Amino acid sequence: MPKKTQRQKRSRSSSPPGSPVDQQPTSVAAIRNISMSNVELRKTTKKKKSTSGGVDDADTDWYRVTYTVFVQSVSAGRKLASAKTAVKRIKVTSEAGTQQMDDPSTHMMNKTRNAIRRKVDENEWGLDCSVGAGPLFMETDDYWKYLWVYAESEISKQKLEAAARSTAARKGHQTRVDAVVAKEWERGDGFKDADEKWRAKVPVLSALEQYSQKDMSKAEPILRSIVSELSKEGLHEEEILSDKTKQKMATVNAMVESASLLINQMTKKLTLKSTRLLTGLCAMLAPQSAISNVSVRDFSDVLNINRNAKYIVDGFENRKEYNKFLELDGPIQIGEHVVCRGGDGTLVSTEGDSLTIKLQPWGTKVTYKSLKDARMRRFEPQLDNYNRKDRCDKTPDHVIETIDSFFRRHVPMSPNKFDTLKKRHPLHRIQVEEKQPMYRYETMDELWATFTIEHAELAEQLRNDKQPNKCPMLLYTHAPWEMVKARDVSCLCINCEGMNATMRGVSGATAAIDSIIERVGTSVGVETEVARLMKIRNIINTPSKYDMCVECLKPCLASDKLEDAEHKCIDGTCDQCGFQRQWSQTLRRKLFVHTLGQEPTMNQDSPLYGPEWTEANIDWRQYSYEVQPTKATHAQEVARQAAAARAAEREDVDADDEEYNPNESSASSRKLVLTTKRGTLIDFLDTFQEMNKKHVYHRNLVAVERRAQLNHERNIRPGILDRKIDYSENGSINDINQVQSQYWITLQYTLFVSIVCWLRADIWNKTEGILEEQNEVTVNGEMFGQDINEDSYWARVTKVLENDMYEVTDANNKTTTHHRRDLRLRQKHTVAMGHVTDDKTHDRHSMQHFTTHELEWLENYMNQNFPADIPTGRITLVHQHSDNAGQHFKNTGAIHYYTSLTKDRGEAVLIYSFGAPSHGKGPHDGVGGCWKTKVDTCIRSSYSTGRLLYTDTGYIQNVKDVYDALVHHFEQAEHRNVPLAGKNPIHKYKFFIYTFDNNPIERPLDEKYITLDGISKHYQFVAKSEGVVHMRQRSCWCLRCMKALTKPSLGWGTPHSIVNCDALSRRHGANNSAYAFSTHACTKTAGRDVAARIIHERDELNNVSTELCVGDWIIFHGVDENGNEDPDQPLWLGRVMSNPDDGWDGGGVKQNTTTRAVKYPMGVEIKKNEVAIYVQWYEKIDLNSTEPKYHVSRTITKPQVQSNQLLLHTGFAMTQLRGDNNPVPKSRPASERRRRETTATASLGEYARPRQNNQRSSESWHDKEYGIVWEMTETDRDYALGRREV
């Protein structure tokens, strides 16, 4: 036994047993392996009973099995020490009767484990069974069974060998040679030395040379056959190889065993990375048929893997593709798969040295100047390419397509084609996908609510039962990547931004409310107050302002759409909903004690009372106007202070009062600033309630207008001009290289943009022709010129079928199939017009000036190019839309101008709709920005490229140059017919120029109008006639409204609601007055041509009145003694009768030619030049009926004199429905004598009567007229109704 070193001795003797050092050694011993090391035949003498009753000795053979436990040191980090570390052994042997036991393997296992535990208890080696292979042998049983099976195998082998030796000896072979030949092959001790081995080799080699004749092709099969035979006897085949080959084979075997071990471990839990690794490994190791005849089965058996595994199949396929790549040679051809600096792709074309490559996977085409710049080479297939199969739980493609289609229908695309989003490929950074953004104004939960309606079945599968109203993550995942949330501050209006600023205090208010609820807890009697506090908390913490408004109005909302709210809920007069219902009307009142004549005080007896209500620790922001003094007010203030100082010196307070006059023009300017407020919870909730009320009204208006615009786009018909107008921000004309003096001087120009479009009537009327997918159509649409079919609806072609059949999808995502003859193609023609001027004032006068010239040009353009779209030669149907700017669009003067366009246009229908305040973005904004950008580009180009050939100055120096540049680049350039927003092309550009010297804008200063009351709260106006307009508070373009608003509105009463309007057909129905039209006058009362117009109208009325004949039908405006319209009968029907009094000459009219007014019975006064009419009144048979049927008055049986100032309509005919013919009697004088005796007047024709018979004949006529029924036509009635305001 080797001697221990001094270090080992010191280590053992320095620490006594049980010491801390001994208990916590720096290194321990661990079990490395346990093996069956020896099987030895043993003979024992066993006592055996004899037949005589005594005991005899008997020899018994048994085999002793030895187990050896190998123990090796382990370092402190639990790592095995180096191989040089001494290995300790524990040997355990079996007993004589072990083999006869029922379970010898368990017996040996227990015996060996007991020996190991004794070593552990002795703590001599520091043996630890929890490290190394200890847990394997001490806790599992399978390995011990294997050891005993191996021992039994060795025992059986020794028994067979012993039996063979015994048999050979019994045969009695006499010679050694015979014995060797006859015995079995065995593993001996080998040659004693090299000489002995050489002497054995020589005869064997000689025999091989003799029989093979030194032919290798013969020697190899001989040796292979010998090896095969001997291998059956236990020959180690690798031992016959050369040393080099043996080493190589050993290395290969080790590599295969190592790889097989890892493969077996990796296949237990495959991942994509491990699968790709296995695929690449199989591709590299795959045997090639051209080199060897190894099959896939043999290959799989060597590695112990499944030959049908997908990574084997893909690996072999990858190797085939790689072999094809290796066979390629020569220059790269067009169409080949290549790799370049931008990634892999396809070589598309070559031109000289330049190369164009279409990159994958997005198809981006990149051109390189040369092969060197491209760094192009053939694509080298990947050996680890693994095409993973789709998982069974993957979202189906049709669900993904449905989600994508839903978002593209409901989320609008940016109207500016230059507004783009870019997505860069995560792996190939040079590839960029560019699309126009889709701006999402609704929350995802709102869109999910719409999705559940349109796709109810699919929504049930995607819905989360615990949160049914929450948008599923699947919709987020598969939404179009270009869809982005519209920034909440994009409108920049005072309503939205003011609400955002107020909500800065939500966190502080929420903390205070939580503190109150926690303090109150579950106290009895405050359940209602706590519930209201929780409701307030939920409302103010709603992240979306739209959802917050919906939450406030939820008790009255029939749906989750804010646009469906009743008007009383919007304006805050509803007592069932609103934030005030939770706060000021209920909870706030209980917090205060109200005493008559005193300020309210906090109710300290309230169970909710606490410091949270009175501590001013909540901060929020608020917009307010800050008064700033102007130069004039500053000068006046200085003068006032100086005067006060002088007066103090002279003790004369009133000395210089004339120097300061507060009534002079000294108004201070106001500046909108964002201030920070700090207050209590009560202060914050009061402010929140005020802002919330305004914001609910504003968001409702925005939602209604957005829905109205969408319906307008879908329901508009041919013959209607859709005009959108707006002022662009003034453009600047600045030199590129400005000197210092030019910096503060900016030359600007005004750009007024108008986008006009209409549906082509000739395209609309077609019943044949091919439609393409995504074409917009109207299903069951009427022909141009016919009344709108209320059963028609908008749809989009989604599939082209056979036999002129098409599949269409409507706005509700309902799919139907129709023949081509039932589909009206909605093809628009769009004209973009720009008005350029050096007049920088944006007001109604400039808008009117631009509109007049534009409509004149547009009528000529349509008559020349699209006569079918303007059948009367005049534009009579215009739907105009603009923002809510009061300075130049929404004012009484502008509305009056719009009504004046009805003159000389026949039965014109002109409708003006306004967008929500500060929400007026549209296509005109994008076009205007495009035009100004082009002008700025031209300014830069004039300095970089030299003189511009298309302007007079060669540069951009004035408004005329701006106009010339726009005409050159847009109006005269064919290539500018580019799509707007991807689907609406602009087919024509037209520009107008106005300067102070040529076609200036006139601004009369003395114009006055009858003010339109409430104009700021109304958003849709219908021009009735000049100076008369219908208006309503909300816009609606449903199919019924579109139908009604294509006809003249002269017959509308006040108020007027469109029958079956979608907005009135909802739950709130007829109670919602916001969708009812009211009639108002905006007549021009002063200004140019007003006096001449009044005189002309008065003279025309008098001339018409004097030409009336006896028996003519006439209509008067029905008013009471105060001048108010009769609500029951706004129209009074009458008939001219013959008046027998002096001066009337038997006629029915008499003009006052005197200089004084003439008075008649019933208080009638006829002024100078006015005409008196002798009228017999008729009355409507049924005031509640819409049928215009009349009969002679039952209450006023005699004719009366009436002034012609209220005359509306003359010269029309009535239809007699019942009764006999009854001509109107007409008086005439009988003789000269009778004329002197009476005051009879002249009469006509066969109806001459003496004076004494006039009264009798009149009464007889009335009696006969009593039973006659007359009917008025709708045209005459509408004309008279339209003349009322005039």
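Values in this document were obtained by computation on a predicted structure and should not be read as measured data.

Quick look at the sheet that holds strand 7 (residues 354–359) now. Spatial ordering of the open sheet is given by 8-7-6-5-9, a layout of five strands whose pairing is antiparallel. The outermost strands of the open sheet, each flanked by one partner alone, are strand 8 (365–368) and strand 9 (377–378).

The next subject is helix 15 (residues 444–454). Counting buried residues along helix 15, eight of its 11 residues qualify, which places the element largely inside the surrounding structure. Of all the residues in helix 15, the buried ones are Met444, Glu446, Leu447, Trp448, Thr450, Phe451, Thr452 and Glu454. Buried residues in helix 15 make contact with helix 14 (397–410), strand 12 (438–440), helix 16 (456–462), helix 17 (473–477), strand 13 (483–485) and helix 21 (545–552).

Among the nonpolar cores identified, the biggest contains 43 residues, and Trp758, Leu858 and Ile895 are the most heavily contacted of them. Once you skip the residues sitting within four places of it in the chain, tryptophan 758 turns out to touch Ile720, Leu721, Gln827, Lys828, His829, Val831, Leu858, Tyr861, Met862, Phe866 and Asp869. Counting residues in hydrophobic clusters, the runner-up holds 32 residues, among them Ile516, Val526, Leu608 and Phe688.

Moving on: the environment of threonine 450. Following the sequence through the fold, threonine 450 ends up in helix 15. Threonine 450 sits 110 residues away from aspartate 560 along the chain, and the two C-alpha atoms are 9.7 Å apart. Dropping the residues within four chain positions of it, threonine 450 is found in contact with Phe406, His410 and Lys561.

On inspection of all chains with the given rule, the structure shows 49 salt bridges. Here arginine 463 makes a salt bridge to glutamate 460, at a shortest N to O gap of 3.1 Å. Note that glutamate 551 and lysine 554 form a salt bridge whose closest N and O atoms lie 3.8 Å from each other. What emerges from the salt-bridge pattern is a single network uniting Asp404, Arg408, Lys423, Glu433, Lys435 and Glu482.

On to unusual backbone geometry. Looking along the chain, the bond that leaves glutamine 360 and enters proline 361 is cis, with omega of 10 degrees. The topology assignment puts proline 361 in the loop between strand 7 and strand 8. A positive phi angle is found at methionine 1162, which is not glycine, with a value near 70 degrees. Along the polypeptide, methionine 1162 turns up in the loop between strand 40 (1158–1160) and strand 41 (1164–1166). Given the relative accessible area of 71%, methionine 1162 is considered exposed. Here asparagine 1169, not a glycine, exhibits a phi torsion of approximately 70 degrees, which is positive. Here asparagine 1169 shows up in the loop between strand 41 and strand 42 (1171–1180). For asparagine 1169, a relative accessible area of 38% puts it in the partly exposed group.

Procedures and definitions
Residues numbered from 1 in each chain as written. Predicted model: local features only at pLDDT ≥ 70, side-chain atom pairs only at ≥ 80, totals over all residues. Heavy atoms only, no water. Pairing = 2+ DSSP bridges. Helix = DSSP H or I, 4+ residues; strand = E, 2+ residues; numbered from the N terminus. Buried < 20%, exposed > 50% of the residue type's maximum accessible area, 1.4 Å probe, protein only. Contact = heavy atoms within 4.5 Å. Core = buried A, V, L, I, M, F, W, Y, C linked by side-chain atoms within 4.5 Å. Salt bridge = Lys/Arg side-chain N within 4 Å of Asp/Glu carboxyl O.

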